[in-house]
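Listed here are the chains, written in short residue letters.
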Amino acid sequence: MNPMVLDVPVATLEEITFEYEQGKPILEGLTAEFRAGTMTAITGRSGVGKSTLLYILGLLVRPSLGRVRFADADVANAPDRVRSHLRSSHIGFVFQDAVLDTSRSVVDNVVEGAAYGRGTRGRWVATATALLGSFIPDVEATRSAAHLSGGQAQRVAFCRALVNNPTVILADEPTGNLDPETAVHLIGRFRQEAINGRTVVVATHDPWVVDQCDEVIEL
Amino acid sequence: MSGRVGEALAATGKLGFESMRVARSQPIVSVLVALVAAAACLSVLGTTGRTIVAEQQLLGALDESGARIVEVRSVDGVSAIPPDAVQRVAGISGVDWAVGLGRPFDLRPGVNLDLRVPAIRIVGVSPAVVISDGWSEPALYVSRVSATRAGLETGAGSLSMSTGQVLPVQGIFTAAYPLQEMNRFVVIKDDGSPDYLDRLVIEAADSASVPSVAAAIPDALGDHGTAGTTISEPRALLDARQVVEGRIGEYGRTVVLGVLSGALVLCGLTVFSGVVARRRDFGRRRALGATRAQLLVLVVGQSLWPALAGVAVGTAVGLAVLAADINQLPPWGFPAGVAILVALAVMLASLPPAIFAAYRDPLRVLRVP
């Protein structure tokens, strides 16, 4: 058991139902808790709603029914401003492909969230530079993101997810486009962040990734 | 409170800079928006701007023909214009200047009793009458014409009134439009006589003020103002002015609307194509904490920066072409207005793509199929 695991859940999904078309729910009455210091896998076959559940937890999508609690406040139907502020200050996203802006430099990609969050850009750049130096020391921060390999890009995306010092890291198939060696390295990083006390949630269909997690939600 | 305002300003500033970075990162869209904005300014200045310069020249010519002049004449035999009314009329709002003229009378050079020189009394000051040495009141002044007629070419000498009173000549004057007829006369500058005047000539600051000035004159004249005078406005000239302004204004509005509509459509399509091409970027921005409102500002700002650059270049080139071509520029308010309208049109055009970007489902645009 990770010593950083706390009894109080950081985020909770209660009775979540989601449907794209009325009467055809892809998630129905789902309840789950996500604690600090744990790494949780959301798994299941394709199209079962793994990403949807992750995006509901990440406040990018509103559930059709149910509650999404962050620090005990239901934010499922909170105003866009409140949900965006929570995303900006408490949540870090990693997607299947890095979704970098290839017209910008590596460091500009990492600090992109500064435009919407609190704090000066300078402070974000300082944090980003330290993160990049730690995670991908072989890549210059000022280098164009267009010239990165897939593994490098995903590590830059990982730095982008950490730069706002989030309590929750959400990853949607983060190893889907990576070679096994890079995938092992990246999942090790997620594991380390959970040990450091963050809540890590990974949507994946990879059994090996599922094995690395403390909790599993099977859809 | 000031802390909140500071935070809001800082947030707006960050968003402004971010929109500038986005504009730089999409050079094709930005260059196209800048080109459309520049072309819009250039074409409006090249067409309507040229017409406005022509309109200004035509209106100026109409004004020089008397569109700003109001005349008050006393009805024959009625003493209706007291000398002190000149100052009151000059004080009416919208009046540039007013002068009062007495009835013409004859003066005689002392040496030639048969010769008569027409003279006229003037009360008030007008830039249309220029005295070589400045006005000194009361005094006698001769024009070049009347000086020759009286044998006083040097501007020195004296003239006698019918009463036998001899008046020394103080200097030479030149009268221009609309008082050029005074060049035929010797002028007696405000001699303090209480005699009623025969005529008032008034120039309004602009033709639009003429009706209100004309309406205020009877009160300024006093007791006999209405019954004893006729007030003439340059009605035909004012009507002609209105027709010129109306026709040219309508043409200008049509051209500006057409150009703005074109710019609106072209910019809208350009920005929309940019948004569609980078829809995943907007999903990522949402994930990074951007509100829908911030995305709206970002897309509009992204178009505004190149639009401002295009407007600046288009306006500068348009004015340079006008200056080189017709050697005259429209009033500064026109290019400024066009620049603002084009920038607003670009902002308006980028709103639908901005709304599209802000309301896309992030799940659909971010997930890999």
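The coordinates are above.
Notes on the structure follow. This one's a predicted model, so the numbers in the text were calculated from it and none came from an experiment. (Residues numbered from 1 in each chain as written. Chains lettered and ligands numbered in written order. Predicted model: local features only at pLDDT ≥ 70, side-chain atom pairs only at ≥ 80, totals over all residues. Heavy atoms only, no water.)

Quick look at helix α2 (residues 80–90) of chain A now. Within the span of α2 of chain A, buried status applies to D80, R83, S84, L86, R87 and S88 of chain A. Close packing links the buried residues of α2 of chain A with β4 (65–70) and β6 (91–94) of chain A together with α7 (279–287) and α8 (292–326) of chain B. (Buried < 20%, exposed > 50% of the residue type's maximum accessible area, 1.4 Å probe, protein only. Helix = DSSP H or I, 4+ residues; strand = E, 2+ residues; numbered from the N terminus. Contact = heavy atoms within 4.5 Å.)

The final tally for this structure, using the stated rule, is seven aromatic pairs over all chains. Ring centres of F135 of chain A and F158 of chain A lie 5.1 Å apart, and the angle between their planes is 85 degrees; this geometry places the pair in the edge-to-face category. Note that F135 of chain A is positioned in helix α4 (residues 121–135) and F158 of chain A in helix α5 (residues 150–162), a separation of 23 residues in sequence. Across the pair, F158 of chain A and F135 of chain A agree in class, each one buried. Their ring planes at 55 degrees and their centres at 5.1 Å tell us that F272 of chain B and F356 of chain B sit as a pair that is tilted. With F272 of chain B in helix α6 (residues 235–277) and F356 of chain B in helix α9 (residues 333–358), the pair connects residues that are 84 residues apart, well separated along the chain. By the ring-pair criterion, three or more aromatic residues cluster together here, those being Y55, F93 and F95 of chain A. (Phe/Tyr/Trp six-rings, centres within 6.5 Å; stacked < 30°, edge-to-face > 60°.)

Taken together, the contact pairs 28 residues of chain B with 30 residues of chain A. For the pairing of chain B and chain A, the buried interface totals around 2700 Å² over both sides, and the portion due to carbon and sulfur atoms is 52%. Two residues, D80 of chain A and R286 of chain B, come together in a salt bridge whose shortest N-O distance is 3.0 Å. Where chain B packs against chain A, one counts 13 residue pairs in polar contact (both at pLDDT 80 or more). (Buried area = accessible area lost by both parts, 1.4 Å probe. Salt bridge = Lys/Arg side-chain N within 4 Å of Asp/Glu carboxyl O. Polar contact = N/O pair within 3.5 Å; in protein donor to acceptor, adjacent residues only side chain to side chain.)

Among the secondary structure elements, Q180 of chain B is positioned in the loop between β8 (166–175) and β9 (186–189). It is 8.3 Å that separates the C-alpha atoms of Q180 of chain B and V129 of chain B, two residues lying 51 residues apart in sequence.

Turning to the environment of L186 of chain A, a few remarks are in order. All names here are of chain A. With respect to the element layout, L186 can be found in helix α6 (residues 180–195). Distance in space between the C-alpha atoms of L186 and Q154 is 8.4 Å, their sequence separation being 32 residues. Residues within four places of L186 in sequence aside, it is in contact with Q154, F158, P174 and L178.

It is worth spelling out the sheet that holds strand β2 (residues 24–35) of chain A at this point. All names here are of chain A. Judged by pairing direction, the sheet is antiparallel, and its four strands sit side by side in the order β2-β1-β4-β5 without closing on themselves. Since the sheet does not close on itself, it has two edges, and those belong to β2 and β5 (73–74), each with one partner. Sheet topology places β4 next to β5; two bridges connect them, and they run antiparallel. Bridged to F70 within β5 is A73. Contacting β1 (9–21), β2 and β4, helix α1 (residues 50–57) runs over the sheet at an angle of about 125 degrees to β1. (Pairing = 2+ DSSP bridges. Axes fitted to C-alpha atoms, helices over the stretch in contact; angles between N-to-C directions.)

To continue, consider the nonpolar core. One finds M39, L132, L148, V156 and F190 of chain A to be the most contacted residues of the largest nonpolar core, which totals 40 residues. Taken together, the elements giving at least two residues each to this core come down to β3 (39–43), α3 (106–110), α4, α5, β7 (168–172), α6, β8 (199–203) and α7 (207–211) of chain A. Considering every element that reaches this core, the biggest residue donor is α5 of chain A, with seven residues. Setting aside chain neighbours within four positions, we find L132 of chain A in contact with V106, V107, V110, P137, A141, V156 and C159 of chain A. Counting residues in each nonpolar core, the second largest holds 39 residues, with Y116 of chain A together with V259, A263 and V346 of chain B among its members. (Core = buried A, V, L, I, M, F, W, Y, C linked by side-chain atoms within 4.5 Å.)

With that settled, the discussion passes to the sheet that holds β7 of chain A. Two orientations exist for strands paired in a sheet by backbone hydrogen bonds: parallel and antiparallel. Residue and element names in this part refer to chain A. Strand order in this open sheet of five strands is β6-β7-β8-β3-β9, and the pairing throughout is parallel. Two strands lie at the open edges of the sheet, namely β6 and β9 (215–218), each paired on one side alone. With direction set aside, neighbouring strand axes in the sheet form an average angle of 15 degrees. Pairing geometry for β6 and β7, over four bridges, is parallel. Each residue of the ladder has a partner; that of I91, found in β7, is V168. Taken strand by strand, α1 contacts β3, β6, β7, β8 and β9, and its axis lies near 155 degrees from that of β7. Against the sheet, α6 engages β3, β6, β7 and β8, with an angle of about 130 degrees to β3.

To continue, consider the pairing of β8 of chain A. A regular strand places its side chains on the two faces of the sheet in alternate fashion. Residue and element names in this part refer to chain A. Within β8, five of the five residues are buried, which leaves it mostly tucked inside the rest of the structure. Both faces of β8 are covered, namely the face carrying T199, V201 and A203 and the face carrying V200 and V202. Bridge count for β7 against β8 is five bridges, and the pairing is parallel. Paired with A171 across the bridge in β8 is V202. One crossover worth recording links β7 to the parallel β8 by way of α6, and it is right-handed. (Right-handed = clockwise from strand over helix to strand, strands pointing away.)

This part covers α7 of chain B. Burial within α7 of chain B is extensive, with seven of its nine residues counted as buried. Phi for G289 of chain B, located one or two positions after α7 of chain B, is positive at around 115 degrees.

So, about the side chain of R87 of chain A. Position of R87 of chain A relative to the elements: it lies in helix α2. It is D80 of chain A that comes nearest to the buried, bridge-free R87 of chain A among opposite-charge side chains, at 4.4 Å. At a separation of 2.6 Å, a polar atom in the side chain of R87 of chain A contacts the main-chain carbonyl oxygen of L59 of chain A. Setting aside residues no more than four positions away along its own chain, R87 of chain A makes contact with G58, L59, L60, D80, F93 and N164 of chain A together with R286, A287, G289 and A290 of chain B. (Lys, Arg positive; Asp, Glu negative; His and termini not counted.)

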